[in-house]
Amino acid sequence: MRSDYIATTQTRNTMTKLGYMGLVPFLCGLLLSLTDIQLFIFSGETLFITYSVVILSFLSGILWGNGIENFESQSSNKALILSNVIVLSAWLAVLLGEQKEFFTTLILIIGYIAVWRSERSMREENQSESPDGYFDMRTRLTSSVVLMHGIVMLT
């Protein structure tokens, strides 16, 4: 019993640390973008956008997993399709890149909000249990990421 509690606590701590550490590359890209400094040959915008696409694709994979896990749910089919639409949209964002930075970041913002809303509605519909504080953390992380995208979009 005690080892299960320790393992659960360690996993929750790891999840929280990794979640918030995931903001660091966003912040670095944002700061480089605001100061117009390059890292190696990459602009802050390029670093920000490419990292954002990776993270959005990762979150879409979680959405796919939720759809598979709740296969009998009415929203399962929608989650599976949405996860693919978001990944393809993120790929489009990479192709647009810095040339169309406003549209690129707008696509990514919409993707983050869509994943967050879909995950929230699936969890509510299926009454899925998630670790304590998980969805509050996801809300804070998504809000932070959307805010940073807005700043990049306006610069």
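Let me sum up the structure you'll find in this document. Fair warning: this is a prediction, and the values are worked out from it, not measured in the lab. Starting from 1, residues in each chain are numbered consecutively following that chain's sequence as written. Given that the model is predicted, a residue must reach a pLDDT of at least 70 before its local features are reported, and side-chain atom pairs must reach 80 or more before they are shown or counted; all residues, however, enter totals for whole chains, interfaces and linings. Heavy atoms from the whole structure form the basis of all side-chain values; hydrogens and water molecules are not counted.

**Looking at a nonpolar patch on the surface**
Right, so step 1: Patch members must show over 30% relative accessible area and no salt bridge, and they are joined within 9 Å when carrying like charges or within 5 Å when they are nonpolar side chains of Val, Leu, Ile, Met, Phe, Trp or Tyr. Exposure was quantified through the Shrake-Rupley algorithm and a 1.4 Å probe, taking into account, for residues, occlusion by the shown protein chains and nothing else. By definition, a salt bridge exists where a carboxyl oxygen of Asp or Glu is found within 4 Å of a side-chain nitrogen of Lys or Arg. On the surface, a nonpolar cluster with roughly 510 Å² of combined accessible area is contributed by Leu 88, Trp 91, Leu 92, Val 94 and Leu 95.
Right, so step 2: Structurally, the position occupied by Val 94 is in helix H4 (residues 76-96). Helix and strand definitions here come from DSSP, where helices need a minimum of 4 consecutive H or I residues and strands a minimum of 2 consecutive E residues; each element is numbered from the N-terminal end.

**Structural notes on the pattern of salt bridges**
Right, so step 1: Tallying each qualifying case throughout the model produces 1 salt bridge.
Right, so step 2: Measuring nitrogen to oxygen at the nearest pair gives 3.0 Å for the salt bridge that ties Arg 138 to Glu 119. One end of the pair, Arg 138, is in helix H6 (residues 134-154); the other, Glu 119, is in helix H5 (residues 101-126), with 19 residues separating them in the sequence. Glu 119 matches Arg 138 in its accessibility class, with the two residues each being buried. Categorising residues by exposure relies on relative accessible area from a 1.4 Å probe, with only protein chains included: less than 20% of the type maximum marks a residue as buried, more than 50% marks it as exposed, and the intermediate range marks it as partly exposed.

**Topic: the packing of H5 against H6**
Right, so step 1: At a minimum axis separation of 9 Å, H5 and H6 run at an interaxial angle of 165 degrees. Relative to H6, the element H5 is oriented roughly antiparallel. When you trace H5 past H6, the crossing you get is left-handed.
Right, so step 2: Looking at side-chain class alone, the contact of H5 with H6 contains 14 nonpolar, 5 polar and 5 charged residues. Here an angle of 0 to 180 degrees is reported between the N-to-C directions of two axes, which are lines fitted to C-alpha atoms, with helices fitted over the stretch in contact. To sort the angles, those under 35 degrees are grouped as roughly parallel, those over 145 as roughly antiparallel, those from 65 to 115 as roughly perpendicular, and the leftovers as oblique. Handedness of a crossing follows from how the near helix is turned relative to the far one, being left-handed for an anticlockwise turn of less than a right angle and right-handed for a clockwise one. Charged residues are taken to be Asp, Glu, Lys and Arg, nonpolar residues to be Ala, Val, Leu, Ile, Met, Phe, Trp, Tyr, Cys and Pro, and polar residues to be all remaining types, Gly included.

**Here we look at the packing of aromatic side chains**
Right, so step 1: Only rings of Phe, Tyr and Trp enter the pairing, Trp through its six-membered ring, and a pair is recorded when the two centres are within 6.5 Å. The plane angle decides the type: under 30 degrees is stacked, over 60 is edge-to-face, the rest tilted. By the definition in use, this model includes 6 aromatic pairs.
Right, so step 2: Judged by centre distance (4.8 Å) and plane angle (75 degrees), the ring pair of Phe 26 and Tyr 51 falls under edge-to-face. One end of the pair, Phe 26, is in helix H2 (residues 23-35); the other, Tyr 51, is in helix H3 (residues 44-69), with 25 residues separating them in the sequence.
Right, so step 3: The class for Phe 26 is buried, based on a relative accessible area of 2%.
Right, so step 4: An aromatic cluster of at least three residues, connected via ring pairs, comprises Phe 26, Phe 48, Tyr 51 and Tyr 112.

**Section: the nonpolar core**
Right, so step 1: Put simply, buried Ala, Val, Leu, Ile, Met, Phe, Trp, Tyr and Cys residues joined by side-chain atoms within 4.5 Å make one nonpolar core. Core analysis: the largest hydrophobic core is formed by 25 residues, its most contacted members being Phe 26, Leu 56, Leu 108 and Tyr 112.
Right, so step 2: Broken down by secondary-structure element, the contributors of at least two residues to this core are H2, H3, H4, H5 and H6.
Right, so step 3: Per element, the largest residue contribution to this core is 7 residues, and it comes from H6.
Right, so step 4: Whether two residues touch is decided by their heavy atoms; if any such pair falls within 4.5 Å, the residues are in contact. In contact with Leu 108, not counting residues within four places along its chain, are Ile 49, Ser 52, Val 53, Leu 56, Ala 90, Ala 93 and His 149.

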